[in-house]
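What the coordinates show
The residues making up each chain are set out below.
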Protein chains: 2
Amino acid sequence: MSVTIRDVAHASGVHVSTVSRTFSAPHLVNAETRTRVLAVAEELDYRPNRAARSLKTGRTNNIGLIVPDLANPFFSSLIKAAQAAARRQDYHLFVADTDENPSEEEELILAFSKQVDGIVLCGPRLSNKALEKLSESVSFVLVNRLIRGLTTVVMDVAHGARVAMEHLAGLGHRRVALVTGPAGSWTSGEIRRAVAEIPGLDAVVIGPNPPTEEGGIAAAARVAEAGVTGVLAYNDLLAIGIIEGLEALGVDVPGDVSVIGFDDSATGRLYRPKLTTVAMPAGAAGRMAVDLLIQSMSAATVLETHLVVRDSTAPPKGTA
Amino acid sequence: MSVTIRDVAHASGVHVSTVSRTFSAPHLVNAETRTRVLAVAEELDYRPNRAARSLKTGRTNNIGLIVPDLANPFFSSLIKAAQAAARRQDYHLFVADTDENPSEEEELILAFSKQVDGIVLCGPRLSNKALEKLSESVSFVLVNRLIRGLTTVVMDVAHGARVAMEHLAGLGHRRVALVTGPAGSWTSGEIRRAVAEIPGLDAVVIGPNPPTEEGGIAAAARVAEAGVTGVLAYNDLLAIGIIEGLEALGVDVPGDVSVIGFDDSATGRLYRPKLTTVAMPAGAAGRMAVDLLIQSMSAATVLETHLVVRDSTAPPKGTA
DNA sequence: CTGAAGACTGCAATCAGTTGCAGTAAACAA
DNA sequence: TTGTTTACTGCAACTGATTGCAGTCTTCAG
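So, here is what we can say about the structure in this document. Here the structure is a predicted model, which means the values were calculated and not measured.

1. Quick notes on the overall build of chain A
Scanning chain A from N- to C-terminus turns up 13 helices and 12 strands. If you line up chain A on its principal axes, its C-alpha atoms span 90 × 40 × 30 Å. The proportion of buried residues among the 320 residues of chain A is 49%. A sequence separation of at least 24 residues applies to 69% of the contacts in chain A between residues at least 6 apart.

2. Observations regarding the protein's contact with DNA strand C
Residue and element names in this part refer to chain A. Inspection of the region around DNA strand C gives 25 residues, with Ile5, Ser17, Ser20, Asn49 and Ala52 positioned closest. Here the surface near DNA strand C gets six residues from one element, more than from any other, and that element is helix α2 (residues 16-24). Taken together, the residues of the surface near DNA strand C break down into 10 nonpolar, 11 polar and four charged.

3. As for the interface of chain A and chain B
Listed as interface residues are 32 residues of chain A and, on the opposing side, 32 residues of chain B. Looking at the side of chain A that touches chain B, the elements that each hand over two or more residues are α4 (50-57), α5 (73-88), β2 (92-97) and α12 (266-270) of chain A. Among the elements that line the side of chain A that touches chain B, the one with the most residues is α5 of chain A, at seven residues. Along the lines of polarity and charge, the residues of the side of chain A that touches chain B split into 15 nonpolar, nine polar and eight charged.

4. Here's the deal with the sheet that holds strand β8 (residues 230-233) of chain B
Residues and elements named next belong to chain B. With mixed pairing, the six strands of this open sheet are ordered in space as β7-β6-β8-β9-β10-β12. Two strands lie at the open edges of the sheet, namely β7 (202-206) and β12 (306-308), each paired on one side alone. Strand-to-strand twist across the sheet, computed as the mean angle between neighbouring axes with direction ignored, equals 20 degrees. Against the sheet, helix α11 (residues 236-248) contacts β6 (175-179), β8, β9 (258-263) and β10 (276-279), and its axis sits at roughly 155 degrees relative to β9.

5. A word on the protein's contact with DNA strand D
By nearness alone, 25 residues border DNA strand D, and His15 of chain A together with Thr4, Ile5, Ser17 and Ala52 of chain B come closest of all. If you list the elements that add at least two residues to the surface near DNA strand D, you get α2 and α4 of chain A together with α2 (16-24) and α4 (50-57) of chain B. Per element, the largest residue contribution to the surface near DNA strand D is six residues, and it comes from α2 of chain B. Here the residues of the surface near DNA strand D sort into 10 nonpolar, 11 polar and four charged.

6. A few points about the packing of α4 of chain A against α4 of chain B
Where α4 of chain A meets α4 of chain B, the axes come as close as 8 Å, and the angle between the chain directions of the two elements is 140 degrees. For the element pair α4 of chain A / α4 of chain B, the angle class is oblique. Relative to α4 of chain B, the crossing made by α4 of chain A is left-handed. Residues Ala51, Ala52, Ser54 and Leu55 of chain A of α4 of chain A form the contact with α4 of chain B, whose participating residues are Ala51, Ala52, Ser54 and Leu55 of chain B. When grouped by side-chain class, the residues that make up the contact of α4 of chain A with α4 of chain B number six nonpolar, two polar and no charged.

Cut-offs and rules
- Residues numbered from 1 in each chain as written.
- Chains lettered and ligands numbered in written order.
- Predicted model: local features only at pLDDT ≥ 70, side-chain atom pairs only at ≥ 80, totals over all residues.
- Helix = DSSP H or I, 4+ residues; strand = E, 2+ residues; numbered from the N terminus.
- Buried ≥ 20, exposed ≤ 12 C-beta atoms within 10 Å, placed from the backbone.
- Contact = placed C-beta atoms within 7 Å.
- Near = placed C-beta within 6 Å.
- Nonpolar A, V, L, I, M, F, W, Y, C, P; charged D, E, K, R; others polar.
- Pairing = 2+ DSSP bridges.
- Axes fitted to C-alpha atoms, helices over the stretch in contact; angles between N-to-C directions.
- Parallel < 35°, antiparallel > 145°, perpendicular 65-115°, else oblique.
- Left-handed = near helix turned anticlockwise from the far one by under 90°.

Below, the structure is given as structure tokens:
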């Protein structure tokens, strides 16, 4: 039905191996022959069958990308950049989300493993041990999770958290809440650790929470009860949910309580009050992860974060 | 290196064809043999090589999904649902975005075509002719584009546009702007056509526009000049951009001008003022498209839309 | 007791490319 | 003139699974 290498070989009077070589190792075939074969291939509209190729070579030119939540705008930007990077190098990108579920994550890795050259794992929730085990059968790049010996791209969230806290302290806040993300999240742990080390700031930890708007709304009551004037949330969605929930309780943001998010997503940038947030280089991370995978380099890359101050933070009341 | 059907066959004392059948046609093999083979396969951690399978069968169990913009939240929900639907049936999903570029769209279709069993094309910008041509070599499901003879899932945007306009009319608005989307967009055309048929409402068309926040900001000036009290925008992002732009010009929403979007995205739902918008069933569309593709049914499916009234619309000034 | 049907199972060709090896011809060196 | 190198090109085995066909063994009817 579809045109194969054999059809092209026949139509151009050469052996199949020559046709194969004009595509996969052009320098090995005579220039004249090559142009003839290419012309015939073009005319017959020949396209190599990737299944056959990868059967023989063991390489697929496919990459898998697994994220906790496809609908989270942070991951959308990451995916967009990753896809563009993959495409530039003639790779195709599978995507899947785990719904924050570690066992689904493992399932997906196993399902992908025979069909890709590598997997970009974003914010994996599996244990170190499980990941190390799995990395024996398929190559990984981890995004926002640091494990010795595995290739990683991480964002410096600890730095971001410190700067965010300094911003709050600078405004005069003394007692703040840290609203953490999902239990298995490495970044959430990093932020928590970084905040714990900051002197002179009284930080209460509220979490774990699902990293969604709903999670934020649910956490708002506990924030209100905690007697804090500032909040650092695990991500923008959670921050927005907290603001929604707080305002429903009659607490004004930033009048009564200041709120800072993480991500610098479009949703947060457009929200009112415009969200003060720690910018995370999602696109750069997606691009780098794919490039590292394709070059099959192993490296630990750290990407910088920075604070974007907008309208959801202000001095605490009575500081006038 | 990796364990094949042959290893399993050898270890369980049967021929490879029997192992093959225990996986792809279990009813053809003796129950006892089957359990033994499955046990051995499990123990050796055997996983079928999809490349080999698809080489022989011609089916890949992969689906391609092409959207204009991966970062647009409307498509994020669609992708999430599509991925879940695919996964339920042991299919994997490739994604790619065209950046609103028709020629890139064609490139992607061609690149995918040898590697998938079908492609879900969301809001394609290619011409009918080009799409019909391409549909000869790979099967499609079109989302939000109606072409005779091709399988489609469309949302009833015309109905949504009418209801939105009635809402504005009901509030007392008489002169409104229709801010359209990209030039090649079928839905944008549908909305425009539907609005043109509404009697007693003076509608000026502003467009085409890139369907992004930036596009909306850019269009805001023309909206302000048009002397309208109401706006219907092609999507939520555009609507939000318009509001941003309008407010920068000192025009209050909804005080001076009411704005309605399309999509009911999270971004719009969370925005302040909370966006009045036409809800589009993105998830349902993604799910249906994938299901239609896998069942390889051809059908034209219409999904309902409805208006969600929030805070970005109000009576025009002077109606008190 | 024979024949036929049914239930498995094995054999081997096949899918569409890739690649190590060998063969050929021309170019070049001695 | 002969030997050697270089540049292609062809041959055929190989990748891992699928599947039509044929063979074996029971089982059961007549």
